[in-house]
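Coordinate analysis (summary)
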Amino acid sequence: MTYKRVLLKLSGEQLAGQYETGIDPDFAHWIAKEIKKVADAGTQVVIMVGGGNLVRGANVAGNGIRRVTADHMGMLATMINALALTDIMESEGVKTRCLSNIFAEQVAEPFVHRLANKHLEKGRVVVAAGGIGRPYMTTDTAAVALALELDCEAVLKATKVDGVYDKDPNKHDDAVKFDNLGFEQAVADADIKIMDKAAIGLAMEQGMKVVVFNPMEDDAIAKVVEGNDIGTTIS
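Below, the structure is looked at part by part. (Residues numbered from 1 in each chain as written. Predicted model: local features only at pLDDT ≥ 70, side-chain atom pairs only at ≥ 80, totals over all residues. Heavy atoms only, no water.)

**What about the packing of helix 2 (residues 25-40) against helix 4 (residues 67-91)?**
The geometry of helix 2 relative to helix 4 is characterised by a closest axis approach of 9 Å and an angle of 60 degrees between their N-to-C directions. Of the possible angle classes, the one that applies to helix 2 and helix 4 is oblique. By crossing handedness, the relation of helix 2 to helix 4 is classed as right-handed. Along the contact surface, helix 2 presents Ala28, His29, Ile31, Ala32 and Ile35, while helix 4 presents Leu85, Ile88, Met89 and Ser91. Within the contact of helix 2 with helix 4, the residues separate by chemical class into seven nonpolar, two polar and no charged. (Axes fitted to C-alpha atoms, helices over the stretch in contact; angles between N-to-C directions. Helix = DSSP H or I, 4+ residues; strand = E, 2+ residues; numbered from the N terminus. Parallel < 35°, antiparallel > 145°, perpendicular 65-115°, else oblique. Left-handed = near helix turned anticlockwise from the far one by under 90°. Contact = heavy atoms within 4.5 Å. Nonpolar A, V, L, I, M, F, W, Y, C, P; charged D, E, K, R; others polar.)

Put into structure tokens, the structure is as follows:
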């Protein structure tokens with residue numbers, strides 16, 4: 001099976017690559033080439049980028065900064081990442097459009113459902129900036145919501161590990177990896193930390209498949225799109 005339309009969720013930490021903050025251009029160019037393979041093969045791709053490499057809203061709230069303002073700062077961080085990724089992908093020959101869920105007409109097109117669909121149908125990759133445009137919503141939740149809105153067949157959640165484990169594999173040598181995982185267990189088990197519970201709950205409610213995988217191997221994204229059993233499928 002090959003997915004016809006997917007949403008790829010990239011974190012800000014992944015865009016930082018070898019650095020603690022900012023954007024690693026080497027990683028961004030590499031991931032652009034990996035996405036190009038998928039787009040050239042005919043799969044329509046939406047990318048939701050996080051902003052944790054620059055500002056994580058929940059972490060900067062306090063000391064006079066309201067949570068709503070902090071989340072707006074996080075949305076602007078995703079905008080910076082989305083603009084950089086758009087240019088880098090274009091430089092790699094990927095037709096790309098940056099659409100924003102916050103008002104930023106000088107630098108990005110506004111996210112409009114019909115416009116996003118038109119870009120995808122013309123073979124352009126759509127990079128979504130600004131999360132879902134509202135505070136108290138993580139980019140994981142925004143990714144699931146956007147995937148539903150655009151009729152994607154799956155959310156591809158890129159992580160630093162090769163799937164979902166029953167506990168942190170970086171801390172526990174006996175951690176066991178799941179090849180498949182039910183939504184109910186993903187929501188109920190506190191030791192399973194993949195996405196925030198709101199994102200998993202929305203995916204469960206609407207039947208949106210989520211594939212958690214490590215994109216850092218050559219052709220990993222293409223293998224997921226082609227339906228190969230890598231990572232963990234939550235459904």
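**Points about the pairing of strand 2 (residues 44-49)**
Among the six residues that make up strand 2, five are buried, leaving the element largely enclosed by the rest of the structure. Two strands pair when backbone bridges link them, and strand 1 (residues 5-10) and strand 2 are joined in this way by six bridges, in the parallel orientation. If you follow leucine 7 over to strand 2, its bridge partner there is valine 46. (Buried < 20%, exposed > 50% of the residue type's maximum accessible area, 1.4 Å probe, protein only. Pairing = 2+ DSSP bridges.)

**A closer look at the sheet that holds strand 1**
As summarised here, the arrangement of the nine strands in space is 4-3-5-2-1-6-10-11-9, forming an open sheet in which the pairing is mixed. If you trace the sheet from one side to the other, it starts and ends with strand 4 (109-110) and strand 9 (180-181), each paired once.

**Details of the pattern of salt bridges**
Taken as a whole and assessed by the stated rule, the structure comprises ten salt bridges. Here lysine 37 makes a salt bridge to glutamate 34, at a shortest N to O gap of 2.8 Å. One end of the pair is lysine 37 and the other is glutamate 34, both in helix 2 and three residues apart, which spans about a single turn. You can call lysine 37 partly exposed: its relative accessible area is 35%. Linked by salt bridges that have partners in common, Lys9, Asp140 and Lys157 make up one network. (Salt bridge = Lys/Arg side-chain N within 4 Å of Asp/Glu carboxyl O.)

**Section: the nonpolar core**
Grouped together as the largest cluster of nonpolar side chains are 39 residues, with contacts concentrated most on Ile35, Ile47, Met89 and Leu156. Of all elements in the fold, only strand 1, helix 2, strand 2, helix 4, strand 5 (125-129), strand 6 (154-158), strand 10 (209-213) and helix 9 (220-225) reach the threshold of two or more residues within this core. Ranked by residue count, the leading element in this core is helix 2, at seven residues. With residues up to four places along the chain from it excluded, the contact list for methionine 89 reads Ala32, Ile35, Ile47, Val94, Thr96, Val125 and Val127. By size, the runner-up hydrophobic cluster in this structure holds 32 residues, among which are Phe111, Ala128, Phe183 and Ile194. (Core = buried A, V, L, I, M, F, W, Y, C linked by side-chain atoms within 4.5 Å.)

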